[in-house]
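Single-letter residue listing:
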Amino acid sequence: MSLIRYEFRKLISYTYVRAAFALLLVITAVLCAFECSRETVELRDDTITALELYGENRDFYDKYANELKALNDEYFKVEISEIKKGNFDYKSPDLPTTLFRNQRFNDFTLLNAVKKQYEYAEGYGDRISEIIKKAEKQLESAESASVRNDFNIRYQKDVISVYSRVGKIRFAPAVVKGYDTYFSFTATDYILLLLMALAAPSLFLGEYSSGAVSVIRATKNGRWKTVVSKTAAMLIFDVTAVFVFSGAVACVVGFYKGFSPLSCPVQAVELFANCPFLISCGQLVALSLAIKLLVMFSFSMLTALFALLFRSFKLSFIASAVFGGVNYALYSVNYIDSHNPFGLFNIFAMADATSLFSRFSAGNVFGIYAERVAAGCLIYALIAVVSFAICGRRF
């Protein structure tokens, strides 16, 4: 443990590592605050109150909403007519604002938002049924085809099985706050990868610049003890970075929007309407953090390996940048085949919870069926292990 503490302290003793950590953390918080400030928070707050009123007397408010729609259409026709006459300064009368006190949006806007929430919640089961029916048709077609496609048959069976379980979920109409912004803010992934590319090379290069590597190699088991300690130190750094940066994003989103309870089902967030897992928002947060940590640690070990191979910070950073650029290109491409492994398992797709958990998917890896979440975790665990093993041999 003392050697691990020593290696961790040495890692964070580099001024550029501490400066990069602090600067990138500030950039993350500022970008997240900018993203939150662009969205309409007030409408969500008003909708929560309007949901309660609507639920008490739906028939009355449905009738009222239809009257408001007719009134809004009439106002619009009059405004168009006035503009055609050349009266460009004409302004339509304001729609009523009568649902509750301190209301910031008119009744028509609020009731439309409320009805949208009810339609989403009450129509969830029907939407999942449509997914299942489509999969059943695809399965029937695949089984009767002249050329048997075992991958497609298994995939359609899994879709039917997964969504048959998920389709049993029911949730009340509600405005789920915070989680859509938290998960869709992917700038954290890019910033963390940059931080790892800057910090990881120093893991091994210090011993080469000081000449200590020859002494370490001469001691019994010195090489592997040092490599294990350095790897553990890198893992501690990655855990700290992932939790601090993700925590900063959560704090900013919480400040601007607040969060609904962690216990609400993830399917209540429209971003994850087709999520194939029976989990809560809190469980999704934990899962996404664990997978993000695995991806970042794998990338850190790969960057450390580049540093060992090239014995140069500059070259290892360039190699990491090339690796990241290739992965970003794979992430950005629109694939005809939704099972393309390059699109599903690249580093950015695996770090992005929205991409990973928004629907069920499986990759076709040279004919091998690979469920995305499990196979993706295995791939990045193997990258970390192989990189660690080669570092141990090369150090």
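Predicted, not measured: the structure shown is a model, and the values here were computed from it.

Caption draft 1: Spatial organisation of the overall build of the chain. Scanning the chain from terminus to terminus reveals 18 helices and two strands. Rg of the C-alpha trace for the chain: 27 Å, well past the compact-globule value of 21 Å for 395 residues, more than 25% over. With respect to the principal axes defined by its C-alpha atoms, the chain has extents near 85 × 60 × 45 Å. Looking at the chain as a whole, 45% of its 395 residues qualify as buried. The contacts in the chain between residues at least 6 apart in sequence include a share of 77% that link residues at least 24 apart. In the form shown here, the chain has an accessible surface area of approximately 20,300 Å², with 61% of it arising from carbon and sulfur atoms. Here the chain contributes 41 positively and 35 negatively charged side chains, and the mean placements of these two sets differ by 14 Å.

Caption draft 2: Fine view of the confidence of the model for the chain. Mean pLDDT over the chain stands at 88; residues scoring 70 or higher make up 94%. Across the chain, the element-wise mean pLDDT spans from 58 in helix H11 (residues 212-218) up to 95 in helix H9 (residues 187-199).

Caption draft 3: Seen up close, the packing of helix H4 (residues 58-84) against helix H5 (residues 107-122). Between H4 and H5, the least distance of the axes is 10 Å, while the angle of their chain directions is 130°. In terms of axis orientation, H4 runs oblique to H5. In the packing of H4 onto H5, the handedness of the crossing is left-handed. Along the contact surface, H4 presents Arg58, Tyr61, Asp62, Tyr64, Ala65, Asn66, Leu68, Lys69 and Asn72, while H5 presents Asp107, Phe108, Leu111, Lys115, Tyr118 and Glu122. Broken down by class, the residue content of the contact of H4 with H5 amounts to seven nonpolar, two polar and six charged.

Caption draft 4: Molecular detail of helix H18 (residues 372-394). Between its first and last C-alpha atoms H18 spans 32 Å; for 23 residues at 1.5 Å apiece the expected length is 33 Å, and the two agree. Listed as buried for H18 are Arg372, Val373, Ala375, Gly376, Tyr380, Ala384, Ser387, Cys391 and Gly392. Sitting at the amino-terminal end of H18 is Glu371, which places a side-chain oxygen 3.3 Å from the backbone nitrogen of Val373.

Caption draft 5: Local environment of the packing of aromatic side chains. Inspection of every chain in the model, using the stated rule, returns 26 aromatic pairs. Relative to Tyr61, the ring of Tyr54 has its centre 6.5 Å away and its plane inclined at 40°; by these criteria the two rings are tilted. Residue Tyr54 is classed as buried on the basis of its relative accessible area, which comes to 2%. Ring geometry for Tyr328 and Phe348: centres 5.7 Å apart, planes at 85°, overall edge-to-face. Of this pair, Tyr328 sits in helix H14 (residues 313-332) while Phe348 sits in helix H16 (residues 347-351); the two residues are 20 residues apart in sequence, bridging distant segments of the chain. By the ring-pair criterion, three or more aromatic residues cluster together here, those being Tyr54, Phe60, Tyr61, Tyr64 and Tyr118.

Caption draft 6: Examining the pairing of strand E2 (residues 368-371) more closely. As paired strands, strand E1 (residues 362-365) and E2 are joined by four bridges and run antiparallel to one another. Counterpart to Val365 in the pairing with E2 is Ile368. Here E1 folds back onto E2 in antiparallel fashion, the turn holding two residues, of which Phe366 has a positive phi close to 55°.

Caption draft 7: Layout of the state of the cysteines. Inspection of every chain in the model, using the stated rule, returns zero disulfides. This cysteine, Cys377, is not joined by any disulfide, and Cys275 carries the nearest cysteine sulfur, 14 Å off.

Caption draft 8: Here's a closer look at the nonpolar core. Counting 90 residues, the largest nonpolar core has Phe237 and Phe357 as the members making the most contacts within it. When residues in this core are grouped by element, the largest group, 14 residues, is from helix H13 (residues 281-310). Not counting residues up to four positions away in its chain, the partners in contact with Phe237 are Phe8, Leu11, Ile12, Val17, Phe21, Leu195, Met196 and Ala199. Counting residues in hydrophobic clusters, the runner-up holds 16 residues, among them Ala50, Tyr54, Phe100 and Leu110.

Caption draft 9: Structural context of a nonpolar patch on the surface. A grouping of Leu309, Phe310, Leu315, Ile318, Val322 and Val326 is seen on the molecular surface, where their side chains present a nonpolar patch of about 510 Å² in accessible area. Those elements that place two or more of their residues in the nonpolar patch are H13 and H14. It is H14 that contributes the most residues to the nonpolar patch, four residues altogether. Along the polypeptide, Phe310 turns up in helix H13.

Caption draft 10: View of H4. Taking 1.5 Å of rise per residue, the 27 residues of H4 would be expected to cover 39 Å, and the 39 Å separating its terminal C-alpha atoms lies within 8% of that figure. Within two residues after H4, Gly86 carries a phi angle of roughly 95°, on the positive side.

Caption draft 11: Unusual backbone geometry, seen in detail. Phi at Arg311 takes a positive value of approximately 55°, unusual for a residue other than glycine. Structurally, Arg311 is set in the loop between H13 and H14. Look at Phe366: it is not a glycine, yet its phi comes out positive at around 55°. With respect to the element layout, Phe366 can be found in the loop between E1 and E2.

Caption draft 12: Seen up close, the environment of Lys177. For Lys177, the position within the fold is in the loop between helix H7 (150-166) and helix H8 (179-184). C-alpha of Lys177 to C-alpha of Lys116: the two residues are 61 residues apart in sequence and 15 Å apart in space. In this structure Lys177 touches Arg44, Asp45, Ile48, Lys257, Gly258, Phe259 and Ser260, once residues within four positions along its chain are discounted.

Rules used in this analysis
- Residues numbered from 1 in each chain as written.
- Predicted model: local features only at pLDDT ≥ 70, side-chain atom pairs only at ≥ 80, totals over all residues.
- Heavy atoms only, no water.
- Helix = DSSP H or I, 4+ residues; strand = E, 2+ residues; numbered from the N terminus.
- Rg over C-alpha atoms; globule rule 2.2 N^0.38 Å.
- Buried < 20%, exposed > 50% of the residue type's maximum accessible area, 1.4 Å probe, protein only.
- Contact = heavy atoms within 4.5 Å.
- Areas by Shrake-Rupley, 256 points an atom, 1.4 Å probe, with all protein chains shown as cover.
- Lys, Arg positive; Asp, Glu negative; His and termini not counted.
- Charge placed at Lys NZ, Arg CZ, Asp CG, Glu CD.
- pLDDT = per-residue confidence, 0-100.
- Axes fitted to C-alpha atoms, helices over the stretch in contact; angles between N-to-C directions.
- Parallel < 35°, antiparallel > 145°, perpendicular 65-115°, else oblique.
- Left-handed = near helix turned anticlockwise from the far one by under 90°.
- Nonpolar A, V, L, I, M, F, W, Y, C, P; charged D, E, K, R; others polar.
- Expected span 1.5 Å × (residues − 1).
- Polar contact = N/O pair within 3.5 Å; in protein donor to acceptor, adjacent residues only side chain to side chain.
- Phe/Tyr/Trp six-rings, centres within 6.5 Å; stacked < 30°, edge-to-face > 60°.
- Pairing = 2+ DSSP bridges.
- Disulfide = S-S within 2.5 Å.
- Core = buried A, V, L, I, M, F, W, Y, C linked by side-chain atoms within 4.5 Å.
- Patch = residues over 30% accessible without salt bridge, like charges linked within 9 Å, V, L, I, M, F, W, Y side chains within 5 Å.
- Salt bridge = Lys/Arg side-chain N within 4 Å of Asp/Glu carboxyl O.

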